[in-house]
Amino acid sequence: MPQFRISEAADLLGVSDDTVRRYIDQGRLPSRRDRSNRAVIDGVALAEFARAQAHTVPDPSGVRRSARNRMVGIVTAVVADTVMAQVEMQCGPHRVVSLMSAEAVAELELQPGSLAVAVIKSTNVVVETPAEHGSNEVLPDAG
């Protein structure tokens with residue numbers, strides 16, 4: 001079962017270590033102690049908490065589509081030549097880079113500061129895992 005130390009959970013949630021400790025103290029995020037007596041958080045519990053805490057920016061396009069992965073953001077850079085363009089967006093804490101035709105950039109009037117929605121079709125998403133992630137063994141509940 002994957003588990004995460006407080007600092008790792010904080011990085012994944014985009015908050016400080018102290019905030020994660022407050023979540024634990026408030027009973028909002030369960031933790032246990034590993035063999036080294038460090039607080040660790042079960043990966044499933046962290047995933048559920050992250051999903052519950054997530055907030056998405058409403059999609060301003062009003063378009064219905066089959067792709068479920070939509071990230072509203074702001075265009076931060078556009079590099080275009082006569083045929084192709086690279087468009088960078090900041091969608092919350094995530095940087096998204098798209099390659100498209102220069103014609104599409106012109107039609108969409110994309111420029112730094114433009115509001116845009118990155119639509120990611122799940123068939124084109126690559127998922128990776130870290131080469132190594134500490135597997136601290138969790139001690140059984142005392143109660």
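You'll find the structure just up there.
**Quick notes on the pattern of salt bridges**
Per the stated rule, a full pass over the model turns up three salt bridges. Asp 18 is the partner of Arg 21 in a salt bridge, and the nearest nitrogen-oxygen pair spans 3.1 Å. You can see Arg 21 and its partner Asp 18 sitting in helix H2 (residues 17-25), three residues apart, about one turn around the helix. Accessibility expressed as a relative area gives 38% for Arg 21, which makes it partly exposed. The residue Glu 88 makes a salt bridge to Arg 95 at a minimum N-O spacing of 3.2 Å. Residue Arg 95 is classed as exposed on the basis of its relative accessible area, which comes to 54%.

**Thoughts on unusual backbone geometry**
A positive phi angle, close to 65°, is found at Asn 37, a residue other than glycine. By the element assignment, Asn 37 lies in the loop between strand E2 (32-33) and strand E3 (39-42). We classify Asn 37 as exposed; its relative accessible area is 52%. Its identity is not glycine, yet Glu 109 carries a phi of approximately 55°, on the positive side. Residue placement: Glu 109 occurs in the loop between helix H4 (102-108) and strand E7 (115-120).

**With respect to the sheet that holds strand E5 (residues 84-91)**
Read across the open sheet, the four strands follow the order E6-E5-E4-E7; overall the sheet is antiparallel. Of all the strands in the sheet, the pair left with one neighbour each is strand E6 (94-101) and E7. Geometrically, the sheet is characterised by an average inter-axis angle of 45° between neighbouring strands, direction not taken into account. Both strand E4 (residues 69-80) and E5 contribute to a ladder of six bridges, which runs antiparallel. Paired with Val 78 across the bridge in E5 is Val 87.

About the thresholds
Residues numbered from 1 in each chain as written. Predicted model: local features only at pLDDT ≥ 70, side-chain atom pairs only at ≥ 80, totals over all residues. Heavy atoms only, no water. Salt bridge = Lys/Arg side-chain N within 4 Å of Asp/Glu carboxyl O. Helix = DSSP H or I, 4+ residues; strand = E, 2+ residues; numbered from the N terminus. Buried < 20%, exposed > 50% of the residue type's maximum accessible area, 1.4 Å probe, protein only. Pairing = 2+ DSSP bridges. Axes fitted to C-alpha atoms, helices over the stretch in contact; angles between N-to-C directions.

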